[in-house]
Amino acid sequence: MNHISILMVDDHPIIIEGYQNVLMATKHDDQELHVETANNCDEAVAMIERASKKYPYNVCFFDISLPGSKDGKYASGEDLALLAKELMPRAKIVILTMFNETFRIHNIIKEIDPDGFLIKSDLTSMELADGFQQIIKSPPYYSSTVSNYLKQTISSDIYVDDINRKILHLLSQGIKTKNLSEYISISKSAIEKRKKHLKLLFGIEDGKDESLLKEAREKGYL
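Here, residues in each chain are numbered from 1, in the same order as that chain's written sequence. Per-residue local features of the predicted model are confined to residues with pLDDT of at least 70, and side-chain atom pairs are confined, for both listing and counting, to 80 or more; whole-chain, interface and lining totals are unaffected and use all residues. Side-chain metrics in this entry use all non-hydrogen atoms of the structure; hydrogen atoms and water are not considered.

Colleague: Before we go on, may I ask you to explain the sheet that holds strand β4 (residues 92-97) in this structure?
Modeller: Strand pairing in a sheet relies on backbone hydrogen bonds, with the paired strands running either antiparallel or parallel. Taken in spatial order, the six strands make up an open sheet running β2-β1-β3-β4-β5-β6, and their pairing is parallel. At either margin of the open sheet sits one strand with a lone partner, and together these are β2 (31-38) and β6 (141-142). Where strand β5 (residues 116-119) lies against β6, two bridges are found, and the strand directions are parallel. Of the residues in β6, the one forming a bridge with Phe117 is Tyr142. Here helix α1 (residues 13-26) sits on the sheet and contacts β1 (2-9), β2, β3 (59-63) and β4; the angle it forms with β2, its principal contact strand, is near 175°. Only heavy atoms enter the contact rule, under which two residues are in contact if any of them lie within 4.5 Å. Axes here refer to lines fitted to C-alpha atoms; in helices the fit is confined to the stretch in contact. Angles between the N-to-C directions go from 0 to 180 degrees. Helix and strand assignments come from DSSP, with helices taken as H or I runs of at least 4 residues and strands as E runs of at least 2, each series counted from the N terminus. On top of the sheet, helix α4 (residues 102-112) reaches β4 and β5; it is set at about 165° to β5, its chief contact. Here, a strand pair is defined by DSSP locating no fewer than two bridges between the strands.

In structure tokens:
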């Protein structure tokens, strides 16, 4: 049995209840979900710190707009996500938000690089269920507003940073993905995630490396 420990943070209990119900109803037969919830930053910080010492969460869902902590140190779900990444580096981080302004989307991807990024107005029960399974198996999963924004920004060079350029260059030299970490000082899972990100950015439908390289050449990245 695959035990999955989940933290959900949202200041509307009814929303958390809805997410929980969807995940419980759609989980795979071999999955056992254990969900803990928090409604503000103080509760969430205490739970993250406690979990990190013994049984870290596998997946953390953070709403962006939350009541801040009393000491003023944590003001939003973004702050909680950064804390969770620091204390539980293996946890999958999922951002949920009503905000769909492009600068907020851009900043969240740049600062947090979440494993899941869901705009609430995009969400259906089915999308949440599918997204959750993808986040567990092969992140990232972005809902349609985020995906569309990323596709629009491909021409502006924002996301093809030096590491991504190096990945494209090495792939074009015939280096296999499993060997890329010998040339770039990041983990194999981080490389896989970046490759997936690049395929999303370049709108690669078939998922093939050859298609990614062809598109990268046409756009002038190789």
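Read on, since the account is not over.
Colleague: I would appreciate a short explanation of the pairing of β3 in the present structure.
Modeller: Regular strands have side chains that alternate between both faces of the sheet. Throughout this description, buried means an accessible area under 20% of the type-specific maximum (1.4 Å probe, protein chains only), exposed means over 50%, and partly exposed covers the range between. Counting buried residues in β3 gives five out of five residues, a clear majority hidden from the surface. Burial of the side chains of β3 extends over both faces: Val59, Phe61 and Asp63 are buried on one face and Cys60 and Phe62 on the other. The pairing of β1 with β3 spans four bridges and is classified as parallel. Among the inter-strand pairings, Leu7 is bridged to a residue of β3, identified as Cys60.

Colleague: For this particular structure, what's the right way to read the packing of aromatic side chains?
Modeller: Geometry of an aromatic ring pair is reported as the spacing of the ring centres plus the angle between the planes. Between 30 and 60 degrees the pair is tilted, below 30 it is stacked and above 60 it is edge-to-face, where a pair is any two Phe, Tyr or Trp rings, Trp via its six-membered ring, whose centres lie within 6.5 Å. Under the defined criterion, the tally for this structure stands at one aromatic pair. Here the aromatic rings of Phe61 and Phe132 are separated by 6.3 Å at their centres, their planes lie at 25°, and the arrangement is stacked. One end of the pair, Phe61, is in strand β3; the other, Phe132, is in helix α5 (residues 125-137), with 71 residues separating them in the sequence. Of the residues examined, Phe61 reaches a relative accessible area of 1% and is grouped as buried. Classification of Phe132 by relative accessible area gives buried; the value is 2%. A cation over an aromatic ring shows up here: Arg104 above the ring of Phe99, its NZ or CZ 4.3 Å from the ring centre. Whether a charge sits over a ring comes down to the Lys NZ or Arg CZ being within 6 Å of the ring centre and within 35 degrees of the ring normal.

Colleague: I'm lost on the nonpolar core in this one. Help?
Modeller: One recurring pattern in soluble globular proteins is that nonpolar side chains are buried together. Phe62, Leu80 and Phe117 are the most contacted members of the largest nonpolar core, which totals 49 residues. Counting residues in hydrophobic clusters, the runner-up holds 20 residues, among them Ile16, Leu23, Leu123 and Leu128. Grouping buried Ala, Val, Leu, Ile, Met, Phe, Trp, Tyr and Cys residues that are joined through side-chain atoms within 4.5 Å yields what is termed a nonpolar core.

Colleague: Explain helix α9 (residues 209-218) to me, please; I cannot follow it from the model alone.
Modeller: Note that an α-helix has 3.6 residues per turn; residues three or four places apart therefore point the same way. Listed as buried for α9 are Leu212, Leu213 and Ala216. Each buried residue of α9 lies within a common arc of 95° when the element is viewed along its axis, so the set occupies one face. Exposed residues pointing more than 90 degrees away from the buried face of α9 are listed as Glu210, Lys214 and Glu218. Contacts from the buried residues of α9 go to α7 (162-172) and α8 (188-201). The directions from the helix axis to the C-beta atoms are what the arc is built from.

Keep in mind these numbers describe shape, not what the thing actually does.
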